[in-house]
Amino acid sequence: MSSEFRNTVRANLAKPEVRANFYRAMDGLMTRRLDQFPDKAELERLRTQSMAIRANALSKLPELLETLEANLTRNGIQVHWAETTDQANQIVLSILQKHNAKSIIKGKSMVSEEMGLNHFLEALGIEALESDLGEFIIQLDHEAPSHIIMPAIHKNRIQIAKLFHEKFPDIPYTEDVDELTQTARRILRDKFYAAPVGLSGVNFMVAETGTLCLVENEGNGRMSTTAPSVHIAVTGIEKVVESLSDVPPLLSILTRSATGQPITTYFNMISGPRKPGEKDGPEEVHLVLLDNGRSNIYSDPELLATLRCIRCGACINHCPVYVRIGGHSYGTVYPGPIGSILEPQKAGLDVHGELAQASTLCGACSEVCPVRIPIPSILNRLRYDGVRRDTANTNTVGSGKRRTLSEAATWKTWAWAATHPTIYHAGSTLATRFKGMLPTNLGAWTTVRSAPKLAESTLHQQAKNLGVDHE
Amino acid sequence: MSNTARANILARLREPQRPECGFSERDYLSRYDWDTAERVRRFTERMVAVRAEVHHTTPETWLDVVSQVCAAKGLNNLLVSPETVLGKQLHAQAERFPTLKTYDHPIESWKQELFYGIDAAFTGTYGGIAETGTLIVMPSADEPRLMSLVPPVHIAVLEVAKLYTTFAEAVQAQGWVQAGMPTNALLISGPSKSADIEQTLAYGVHGPKELVVILV
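Going by the annotation in an unreviewed UniProt entry, the name recorded for chain B is Lactate utilization protein, with Thiothrix fructosivorans given as the source organism.

Chain A appears in an unreviewed UniProt entry as Iron-sulfur cluster-binding protein from Thiothrix fructosivorans.

(A) Local environment of helix α16 (residues 336–347) of chain A. Residues and elements named next belong to chain A. Compared with the 16 Å implied by 1.5 Å per residue over 12 residues, the 16 Å span of α16 between its first and last C-alpha is a close match. The buried fraction of α16 amounts to 11 of the 12 residues, a majority that puts the element mostly inside the structure. Those residues of α16 lying buried are Gly336, Pro337, Ile338, Gly339, Ser340, Ile341, Leu342, Glu343, Pro344, Gln345 and Lys346. Gly348 lies just past α16 and shows a positive phi near 110°.

(B) Representation of the domain arrangement of chain A in the model. By the assigned domains, chain A splits into domain 1 (1–36 + 302–403), domain 2 (62–292) and domain 3 (419–465). Summarising the inter-unit geometry, the C-alpha centres of domain 2 of chain A and domain 3 of chain A are found 57 Å apart.

(C) Fine view of the packing of helix α9 (residues 157–167) of chain A against helix α10 (residues 177–194) of chain A. Residues and elements named next belong to chain A. The interhelical angle for the contact between α9 and α10, taken along N-to-C directions, is 40°, at an axis separation of 11 Å. One finds that α9 runs oblique with respect to α10. Considering the relative orientation of α9 and α10, their crossing is left-handed. The segment α9 lies against α10, with Arg157, Ile160, Ala161 and Phe164 engaging Val177, Leu180, Thr183 and Ala184. For the contact of α9 with α10, the per-class residue count stands at 6 nonpolar, 1 polar and 1 charged.

(D) A look at the packing of aromatic side chains. Summed over all chains, the structure comprises 14 aromatic pairs over all chains. Relative to Tyr322 of chain A, the ring of Phe22 of chain A has its centre 5.3 Å away and its plane inclined at 90°; by these criteria the two rings are edge-to-face. With Phe22 of chain A in helix α2 (residues 16–36) and Tyr322 of chain A in helix α15 (residues 320–325), this residue pair connects regions lying 300 residues apart in the sequence. By the burial criterion, Phe22 of chain A is buried, and Tyr322 of chain A matches it. Arranged with centres 6.3 Å apart and planes meeting at 50°, the rings of Phe115 of chain B and Tyr116 of chain B form a pair that is tilted. What links up through ring pairs into an aromatic cluster is the set Phe5, Phe22, Tyr322 and Tyr330 of chain A. One residue, Arg449 of chain A, lies across the ring of Trp445 of chain A, its end atom 4.0 Å from the ring centre. The lysine or arginine in question, Lys111 of chain B, covers the ring of Tyr193 of chain A, its NZ or CZ lying 5.7 Å from the ring centre.

Cut-off values and rules
- Residues numbered from 1 in each chain as written.
- Chains lettered and ligands numbered in written order.
- Predicted model: local features only at pLDDT ≥ 70, side-chain atom pairs only at ≥ 80, totals over all residues.
- Heavy atoms only, no water.
- Helix = DSSP H or I, 4+ residues; strand = E, 2+ residues; numbered from the N terminus.
- Expected span 1.5 Å × (residues − 1).
- Buried < 20%, exposed > 50% of the residue type's maximum accessible area, 1.4 Å probe, protein only.
- Domains from an automatic or database assignment.
- Axes fitted to C-alpha atoms, helices over the stretch in contact; angles between N-to-C directions.
- Parallel < 35°, antiparallel > 145°, perpendicular 65-115°, else oblique.
- Left-handed = near helix turned anticlockwise from the far one by under 90°.
- Contact = heavy atoms within 4.5 Å.
- Nonpolar A, V, L, I, M, F, W, Y, C, P; charged D, E, K, R; others polar.
- Phe/Tyr/Trp six-rings, centres within 6.5 Å; stacked < 30°, edge-to-face > 60°.
- Lys NZ or Arg CZ within 6 Å of the ring centre and 35° of its normal.

Set out below in structure tokens:
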């Protein structure tokens, strides 16, 4: 079997340096998260509470979006709706054109990655500069994020030092993290100073007050949303919560689950553009609400749980598959367990359905998920949707497209044999009789393991010999 | 385009059988019952853990401490509002401080000086949170948003009486929803930092490299 995904995985597994970078980072993140939740009972209570807050918001989603829009508009924030990433890009472009802006400075935003905004703007000759340190590093190297919280986690200090030296030859070579950080600060400060438009993502939108909340440590999110005269926020329609009192518990569990911090340095709550008399802040604030398949996910009572996600990345940090293959293997914007349930639903099972197979269903992801998304169940459901024949009964994009004749025939034969005892017994007895003829070379499996061996006699036979009465 | 998109999205969200919330545990009340001394202790512990400086002062000594901090850091100038209660007290004794600057024009008229020529800014706070070691800052016309962001050093005064146990408690006790949210409200928990390179903490990425909290 060969596919682009498998080939990328194979290539990335053969990079010991990258694998070591992931192992070191994920080990650290798991330990730090654990340190933040010393009381297991308290953690479980918090997870239930956070799940309830998100589930409550989703149960009223259209109404909350209307309330949010009304309150944002009253506060002076302009709200735009986009069904597709293409529409979202066009909305951003039209705002830039209105202001004749030739560049934007970006705070971290995964939805802008989803939109492919940087490529879209660069093709039109508009510079889109990332200002989050990790995003800045990977943009220098023309890479995509390998993690939703720590985008440059696949690189180590030495690799970053070499990259900086190559891109900024005037600055002396250093492997010192503080000095590398100060280099980025100096370069980006000039950019913040000059940028006409700033773009950011959103962590939570509060319907009750018309507030956009951003979580960050560096201050680039505050810079991008305060220094330029126009601020554009882009986010998914699912990010809304009902009331301001929903925010403190979500913020607390988000930062503790994500990076093991009790809180991040900055929690930035934006409820409007500059008011008359105020001396700074953008004159215009825009919010682009992106659907891009979310309303379709919303239509399925089981898959809907996908939209509870608050993008902490804990499932990624704890995933035994992610830590081995790394974030770039997935070939999607969101990697890891959350990506493996989100991306196939957005792009279709025919495009990314394979990701749902790339899991051992060990359950580590759902055990740490702060909003209790049952990721393994959803993976199973997507595997089923991929091969099911009654595609009229599900809205999942690409349902049935992963069904192959040979696999279907194999299972059909198996089901027939397993429900016909005479055939089944004859078959299993035959198999034990001729077990010596089984191949010992089973491709990839046997390169690191010994081939499975059949027993001398079937389970039925052994049970019979022991005197078990199957009636 | 946007209006059609809006109608289509909302119609799709209304179409399916509406999901039940199914959960009712949305309680937010403060879990802790810390007295003032405990709140101060926890606040200080958390702030120091992220390399902020915390000075415990009184209404009689806080100006002296601010003056000492400025001297110790060798600041050439300090951005202070001439309009706030605390700012007026600094301006009244200007000779004890580095050159006092004021943010009395819109940013456009002095952006270069703010970005490249200001050593430190002094602001008040709207309150604090003990559990996480956090300052609540609500920028205003007198103390604009960039004051606590652009200069390399931020010196902030927090009155102990406004130190709450949790974020949830502060939101409720201070009546944020009833009062209406300001243009920008901030929680600040230490100096700017990043762990994007090898998970190694580095301070002063884009915001202040140093945060000094004057507890009064």
